[in-house]
Amino acid sequence: MLLAGDIGGTKTNLALYASKEDFRSPTREATLPSAQYPTLAALVNDFLKKIDLSNVTIDRAVFGVAGPVVAGKAKITNLPWHMEEKQLQQTLNIPSVTLLNDLAAMATAIPLLNPSDLHTLNAGKPAKHGTLAVVAPGTGLGEAILTWDGAHYRVHPSEGGHVDFAPTNPFEVGLLVYLLERMQHVSYEHVCSGIGMPNIYAYAKESGLFDEPRWLSDKLSQTKDVTPIIVQSAMAPKDTEAESNAEGSYSAICAATVRVFASILAAEAGNMALKTLATGGVYLGGGLPPRIRPFLEDPEFMHVFQNKGRFSEMLADVPVHVVLNSKVALLGAASYGFEQ
């Protein structure tokens, strides 16, 4: 048996697989809240306690983790977890444990996806065996690259989400100045992820361009993770704006926040297409793109994506897809484990 995991800052998906042929149909799977556990080992043990292991032998485990993996060691970027392959082997009593960057896991699954796993924003003109780029805003912002080696796609992880944020319009310039007054370094993750969206909202409020309804202020003050509320209010029908404190009410400031978020995502996706020459396509993964799909389907998204001066015409040929399959990183971890 193979144990695969997608270890995120917010949630962890775990699954047991019997064979490569069944990697889309695990024998057992569960989603657990990452932050409620002190370590990865504690989380995995909790999952295994609920399974009858009397007739099951777990030969290997592959965990996609949200952070860089160096020499078999990793730290979750947005959790206080330190992980080491050898230590996990001993603690979990599993002969082989591999830590894999979560975007490397997600990227591994990209060539295996079905058309139903994707929503195409731009069909473009994909080059056969062309380089693929993955940009995935979830709790944080992950990025990865796939290049063709003559026989199959080879995955290259990166920490590109932590490069300097580059504004592309006056509002984003103001956002950058606002954030630089509050932190030493402003990366794309600070404005293009689940932890980054509240920064856009805070500046939209501070700018005075938008009013914050009282019901929204009250709701935001009652939770630590405000991003789901912002997204929910942005996606609600506009005719619900006047409803006081109603669940799922529309808010102009939330819609503006998500619109700016989508524009920043478009710009960075275009950056990735240029930096990697992703003639095979750009894939938008992570938890946020499927949830804000109408904002990505707006023509403005592809306009910003292509707005790269002399290379705008070339970018018009680059396919852009939203990854709809929420278990893509888990599929990639499982696929990687069976290939080993």
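Refer to the structure above for everything that follows.
Reading the values: rules and limits
Residues numbered from 1 in each chain as written. Predicted model: local features only at pLDDT ≥ 70, side-chain atom pairs only at ≥ 80, totals over all residues. Heavy atoms only, no water. Helix = DSSP H or I, 4+ residues; strand = E, 2+ residues; numbered from the N terminus. Buried < 20%, exposed > 50% of the residue type's maximum accessible area, 1.4 Å probe, protein only. Contact = heavy atoms within 4.5 Å. Areas by Shrake-Rupley, 256 points an atom, 1.4 Å probe, with all protein chains shown as cover. Lys, Arg positive; Asp, Glu negative; His and termini not counted. Charge placed at Lys NZ, Arg CZ, Asp CG, Glu CD. Core = buried A, V, L, I, M, F, W, Y, C linked by side-chain atoms within 4.5 Å. Pairing = 2+ DSSP bridges. Axes fitted to C-alpha atoms, helices over the stretch in contact; angles between N-to-C directions. Phe/Tyr/Trp six-rings, centres within 6.5 Å; stacked < 30°, edge-to-face > 60°.

> Which parts of the structure should I look at to understand the overall build of the chain?
Across its full length, the chain carries 13 helices and 14 strands. For the chain, the spread of C-alpha atoms along the three principal axes comes to 60 × 50 × 40 Å. Relative to its 340 residues, the chain shows a buried fraction of 52%. For the chain, long-range pairs separated by at least 24 residues make up 68% of all intrachain contacts whose partners lie at least 6 apart in sequence. Of the roughly 15,700 Å² of accessible surface on the chain, 51% is carried by carbon and sulfur atoms. Computed over 26 positive and 34 negative side-chain charges, the inter-centroid distance for the chain is 3 Å.

> How do you make sense of the nonpolar core when you look at a structure like this?
If you look at the biggest cluster of nonpolar residues, it comprises 58 residues, and the most contacted ones within it are Ile264, Val282, Leu284, Leu296, Phe301 and Phe305. The contacts of Leu284, once residues within four sequence positions are left out, are Leu121, Val135, Leu265, Ala269, Pro289, Leu296, Phe301, Val320, His321, Val322 and Val323. With 28 residues, the next largest nonpolar core counts Leu100, Leu132, Ala144 and Val323 among its residues.

> Is there a simple way to think about the sheet that holds strand 2 (residues 11-17) in this case?
Across the sheet, 5 strands lie side by side as 3-2-1-4-8; this open sheet has mixed pairing. Every interior strand has two partners, whereas the edge strands, strand 3 (28-33) and strand 8 (96-101), have only one. Between one strand and the next, the sheet's axes are offset by a mean angle of 15 degrees, whatever the strand orientation. Inspection of the sheet shows strand 2 paired to strand 3 by 6 bridges, in the antiparallel sense.

> Sorry if this is basic, but what is going on with the sheet that holds strand 6 (residues 73-75) here?
Note: strands within a sheet are paired through backbone hydrogen bonds, in either parallel or antiparallel orientation. Sheet architecture is open: 3 strands sit in the order 5-6-7, paired in antiparallel fashion. Each end of this open sheet is capped by a strand with a single partner; those strands are strand 5 (69-70) and strand 7 (82-84). With 2 bridges connecting them, strand 5 and strand 6 associate as antiparallel partners. Of the residues in strand 6, the one forming a bridge with Val69 is Ala74.

> I would appreciate a short explanation of the packing of aromatic side chains in the present structure.
Centre distance and the angle of the planes are the two values used to describe a pair of aromatic rings. With the rule as written, the count across this model stands at 4 aromatic pairs. Judged by centre distance (5.5 Å) and plane angle (85 degrees), the ring pair of Phe165 and Tyr188 falls under edge-to-face. A residue pair is termed long-range when its members are at least 10 positions apart, and Phe165 in the loop between strand 12 (153-158) and helix 4 (170-180) and Tyr188 in the loop between helix 4 and helix 5 (197-206) qualify at 23 residues. With respect to burial, Phe165 and Tyr188 carry one shared label: buried.

> Just checking my understanding: could you explain unusual backbone geometry for this structure?
Most peptide bonds take the trans form, and the phi angle of most residues other than glycine is negative. Positioned with a positive phi, His129 is a non-glycine residue whose angle comes to about 60 degrees. Position of His129 relative to the elements: it lies in the loop between strand 9 (118-122) and strand 10 (132-137). On the basis of relative accessible area, His129 is assigned to the partly exposed category, the value being 36%. Although it is not a glycine, Leu277 adopts a positive phi angle of roughly 50 degrees. Residue placement: Leu277 occurs in the loop between helix 8 (252-276) and strand 13 (281-284). Accessibility expressed as a relative area gives 47% for Leu277, which makes it partly exposed.

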